[in-house]
Amino acid sequence: VPLQASGGGLVQPGGSLRLFCAASGSIFSIGRMAWYRQAPGKQRELVADITSSGSTNYADSVTGRFTISRDNAKNAVYLQMNTLQPEDTAVYYCLMVVTTSSYTTTGYWGQGTLVTVSS
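Quick look at the structure, then.

## Quick notes on the sheet that holds strand E1 (residues 3-6)
So, point 1. Read across the open sheet, the four strands follow the order E1-E3-E8-E7; overall the sheet is antiparallel. Every other strand in the sheet has two partners, leaving E1 and strand E7 (66-71) as the edge strands with one partner each. For this sheet, the mean angle separating the axes of adjacent strands, direction not counted, is 15°.
So, point 2. Note: E1 against strand E3 (residues 17-23), four bridges, orientation antiparallel. Its bridge partner lying in E3, Leu3 is registered against Ala23.

Here's what the structure looks like:
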């Protein structure tokens, strides 16, 4: 199941970006959706996730600034990022736990989208 992520770019400190990730293919349902990020020289970390029922969870570092949401009809997940800071610079990856039409359940990763926060 391919995941296509987009929305990254260069933004000044204090600015905003909205990331988008959509799944395609033979999908029966999607459970957990999440955004992770990996900064240069650091391990990949969870930014936010959202369950199929809409419950959300955020890393302490982004709480109050980032909002995760999903559109089940579009098999999509969004990450609205406000008040961006240089420490938010990273490659952002989406993850979806997908049950296919053949009823196999697997976690799939998007290809990553680069967010650079710099003046």
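## With respect to the environment of Thr99
So, point 1. Checked against the element boundaries, Thr99 lands in strand E9 (residues 90-100).
So, point 2. Taking relative accessible area as the criterion, Thr99 reaches 15% and is therefore assigned buried.
So, point 3. On a C-alpha basis, the gap between Thr99 and Ile27 in space is 6.2 Å, while along the polypeptide they are 72 residues apart.
So, point 4. Setting aside its immediate chain neighbours within four residues, Thr99 contacts Ile27, Phe28, Ser29, Thr104 and Thr105.
So, point 5. Looking at Thr99, its side chain comes within polar contact range of the side chain of Thr105, at 2.8 Å.

## A few points about unusual backbone geometry
Phi is mostly negative for residues that are not glycine, and the peptide bonds are mostly trans.
So, point 1. Even without glycine at this site, Asn75 takes up a positive phi of about 55°.
So, point 2. Here Asn75 falls in the partly exposed class, since its relative accessible area comes to 21%.
So, point 3. One non-glycine residue with positive phi stands out, namely Thr83, at about 50°.

What counts as what
Residues numbered from 1 in each chain as written. Predicted model: local features only at pLDDT ≥ 70, side-chain atom pairs only at ≥ 80, totals over all residues. Heavy atoms only, no water. Pairing = 2+ DSSP bridges. Helix = DSSP H or I, 4+ residues; strand = E, 2+ residues; numbered from the N terminus. Axes fitted to C-alpha atoms, helices over the stretch in contact; angles between N-to-C directions. Buried < 20%, exposed > 50% of the residue type's maximum accessible area, 1.4 Å probe, protein only. Contact = heavy atoms within 4.5 Å. Polar contact = N/O pair within 3.5 Å; in protein donor to acceptor, adjacent residues only side chain to side chain.

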